[in-house]
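The lines below spell out each chain.
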Amino acid sequence: MSARAKVSLGVALLAACALLAGGLPEQPAAPVATASRLTAEQEWPKAARADLRDLTVEPLLFLDATTAVGQVTDGDFVRLLVEKEGIARELRRLPAADDPRFEAMTVAGDELIWAESSGSRPVEIRAVRRDGGDARLLTADTGNTLFYGNQYDLVVDGGRVHWVAGEGDATTQIRSVALTGGKVDVREEKGRWSLTAWPWLTDDTGAQSGQVRMREMTTGREVRVPFSGAEWGMCAPTWCRVMVMNGEGLARIDVMRPDGSDRRRVAGPGTQAAVSDVAVLDRFEILSEPGADFDLTGTAGLVVHDLASGRTVTLSAAADLAATKDGVLWWSTGTQEAAVWHTLDLRTI
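Conventions adopted
- Residues numbered from 1 in each chain as written.
- Predicted model: local features only at pLDDT ≥ 70, side-chain atom pairs only at ≥ 80, totals over all residues.
- Heavy atoms only, no water.
- Core = buried A, V, L, I, M, F, W, Y, C linked by side-chain atoms within 4.5 Å.
- Buried < 20%, exposed > 50% of the residue type's maximum accessible area, 1.4 Å probe, protein only.
- Helix = DSSP H or I, 4+ residues; strand = E, 2+ residues; numbered from the N terminus.
- Contact = heavy atoms within 4.5 Å.
- Pairing = 2+ DSSP bridges.
- Axes fitted to C-alpha atoms, helices over the stretch in contact; angles between N-to-C directions.
- Polar contact = N/O pair within 3.5 Å; in protein donor to acceptor, adjacent residues only side chain to side chain.
- Phe/Tyr/Trp six-rings, centres within 6.5 Å; stacked < 30°, edge-to-face > 60°.
- Lys NZ or Arg CZ within 6 Å of the ring centre and 35° of its normal.
- Disulfide = S-S within 2.5 Å.
- Salt bridge = Lys/Arg side-chain N within 4 Å of Asp/Glu carboxyl O.

J.: I would appreciate a short explanation of the nonpolar core in the present structure.
T.: As a rule of thumb, soluble globular proteins bury nonpolar side chains together. Core analysis: the largest hydrophobic core is formed by 18 residues, its most contacted members being Trp 44, Ile 286, Leu 302, Leu 315 and Trp 331. Counting residues per element, the ones that place at least two in this core are strand S23 (284–290), strand S24 (300–306), strand S25 (311–319) and strand S27 (328–334). Of the residues forming this core, the biggest block, three residues, is contributed by S25. With residues near it in sequence (within four places) discarded, Trp 44 still touches Arg 49, Arg 283, Phe 284, Val 304, Asp 306, Val 313, Leu 344 and Ile 349.

Have a look at this one:
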């Protein structure tokens, strides 16, 4: 599969694996019909957005609606660039023959942080100032890194970068290093965990049945979120996404608080989660709506359900990719050879 993975494919596969028997708890119908939905321009006229037709990088992160960080293969090298309005600044350059990979990119204040691997070298954590300078190595003592492709693969708090590592399901390491570099601290937690909004952990990336556990690292407090046998759940500290199944597939998507309160339906059958992150900015559920020709085209409708207003807003009728990080949502349309990248800065809504 190419880097331009199809909308919600990973989440859809997980949901497909979760076809389970059982009764479906009743929820109110979705509040807005498809025909009456507004576009993002109509619903959020002052939000920062852009349509980028000449972007040269494969975006890994958007700093704002028009500033992309991404990679491009240039001859014998893979280059990591910051690009804005056709002007690019190089951050890193690695030999293409070593199959370099940049991932888990995030921003903290004036710092841009990412993980990279190349050839036989271990995964490294690097950082660079957004306003310029050379990329610096924070550490190569990263362990067996566990990255899940969500916005919490690298979490910055208290001047330190945190990530998870481990082998198997018995123990998870929560590793961290200062933004100035230095010795890596390692904390071990029994079981399989991933990072979510700091200082919380969630057990792996969801649960096909039973429950999701979350643990606050500062106090050790644990929250257990139960689900029925017909549900598959993912949780962050503020909201949980509940994929409600029946014998034919996905019946609907609900959200609820981790204590089970404020449960509501946000989408019906034929809808999927477009990104793994639950309730981006504690407000926005990013969803896709594959049509009858999805298997042929690989594109799907892309919508946002606003938990604050209860309304679902249309972004695109045929998006090929959707991703979000640090409060910016982006997606592509067109072909792989002539992609148009679209952005919506959810922080400006």
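Now that the structure is up, let's keep going.
J.: What is the right way to read the sheet that holds strand S10 (residues 155–157) from this model?
T.: Strand pairing within a sheet occurs via backbone hydrogen bonds; the two strands may be parallel or antiparallel. In space, the four strands of this open sheet follow the order S10-S11-S12-S13, with antiparallel pairing throughout. Only two strands of the sheet have a single neighbouring strand rather than two, namely S10 and strand S13 (185–190). Taken pair by pair, the neighbouring strands of this sheet meet at an average axis angle of 30 degrees, ignoring direction. Sheet topology places strand S12 (residues 171–178) next to S13; six bridges connect them, and they run antiparallel. Its bridge partner lying in S13, Ile 174 is registered against Arg 187.

J.: Would you explain the sheet that holds strand S2 (residues 58–64) in this entry?
T.: Strand order in the open sheet made by the four strands is S2-S3-S4-S5, with antiparallel pairing throughout. Each of the sheet's edge strands pairs with one partner strand only, and the pair in question is S2 and strand S5 (87–95). Each neighbouring strand pair of the sheet contributes to a mean axis angle of 25 degrees, computed without reference to strand direction. Pairing of strand S3 (residues 67–74) with strand S4 (residues 77–84) involves eight bridges; the strand directions are antiparallel. Within the sheet, the bridge partner assigned to Ala 68 lies in S4 and is Glu 83.

J.: Looking at this model, I keep getting lost on the side chain of Glu 285. Mind explaining?
T.: With respect to the helices and strands, Glu 285 occurs in strand S23. Its relative accessible area of 0% is what places Glu 285 among the buried residues. Among the polar contacts made by the side chain of Glu 285, one reaches the main-chain amide nitrogen of Ala 279 at a distance of 2.8 Å. Setting aside anything within four residues of it in sequence, one finds Glu 285 in contact with Arg 241, Val 255, Asp 277, Val 278, Ala 279, Val 303, Val 304 and His 305.

J.: Which parts of the structure should I look at to understand the packing of aromatic side chains?
T.: Within the structure shown, the criterion is met by two aromatic pairs. Ring geometry for Trp 44 versus Phe 284: centroids 5.9 Å apart, planes at 85 degrees, classification edge-to-face. Placement of the pair is Trp 44 in the loop between helix H2 (40–43) and strand S1 (49–52) and Phe 284 in strand S23, with a sequence separation of 240 residues. This pair shows no difference in class: Trp 44 is buried, exactly as Phe 284 is. Here the guanidinium or amino end of Arg 93 rests over the ring plane of Phe 77, the centre of that ring lying 5.3 Å away. Its guanidinium or amino end placed over the ring of Trp 239, Arg 257 lies 3.7 Å from that ring's centre, counting from NZ or CZ.

J.: Any chance you could explain unusual backbone geometry here in plain terms?
T.: What is expected of a backbone is that most residues other than glycine have negative phi and most peptide bonds are trans. Cis geometry marks the peptide bond from Trp 198 to Pro 199; its omega dihedral reads 10 degrees. Mapped onto the elements, Pro 199 comes out in the loop between strand S14 (194–195) and strand S15 (200–202). The phi torsion at Asp 99 lies on the positive side, around 50 degrees, for a residue other than glycine. Mapped onto the secondary structure, Asp 99 falls in the loop between S5 and strand S6 (101–108). Under the relative-accessibility criterion, Asp 99 is labelled exposed at 62%.

J.: Looking at this model, I keep getting lost on the environment of Arg 187. Mind explaining?
T.: Tracing the backbone shows Arg 187 in strand S13. Through-space distance from the C-alpha of Arg 187 to that of Gln 173 is 5.6 Å; in sequence the pair is 14 residues apart. Discounting chain neighbours no more than four positions away, the residues touching Arg 187 are Thr 172, Gln 173, Ile 174 and Met 217. A distance of 2.9 Å separates a polar atom in the side chain of Arg 187 from a polar atom in the side chain of Glu 189.

J.: Honestly, the state of the cysteines in this entry has me stumped. Any pointers?
T.: Working definition: the covalent bond between the sulfur atoms of two cysteines is a disulfide. For the structure shown, the criterion picks out one disulfide. A sulfur-sulfur distance of 2.1 Å marks the disulfide that ties Cys 235 to Cys 240. Measuring handedness by torsion sign, the sulfur bridge of Cys 235 and Cys 240 sits at about 110 degrees and is right-handed. By the burial criterion, Cys 235 is buried, and Cys 240 matches it.

J.: Would you mind showing me how to read the pattern of salt bridges here?
T.: A pair can form between side chains of opposite charge whenever their charged atoms are brought close. Summed over all chains, the structure comprises 32 salt bridges. Lys 84 is the salt-bridge partner of Asp 64, the closest N and O atoms lying 3.9 Å from each other. Of this pair, Asp 64 sits in strand S2 while Lys 84 sits in strand S4, placing them 20 residues apart in sequence. With a relative accessible area of 26%, Asp 64 lands in the partly exposed category. In this structure, Asp 131 engages Arg 129 in a salt bridge whose closest nitrogen and oxygen atoms are separated by 3.2 Å. On the basis of relative accessible area, Asp 131 is assigned to the exposed category, the value being 61%. Residue Arg 129 is classed as partly exposed on the basis of its relative accessible area of 35%. Members of the salt-bridge network, linked through shared partners, are Arg 187, Glu 189, Asp 203, Arg 213, Arg 215, Glu 222 and Arg 224.

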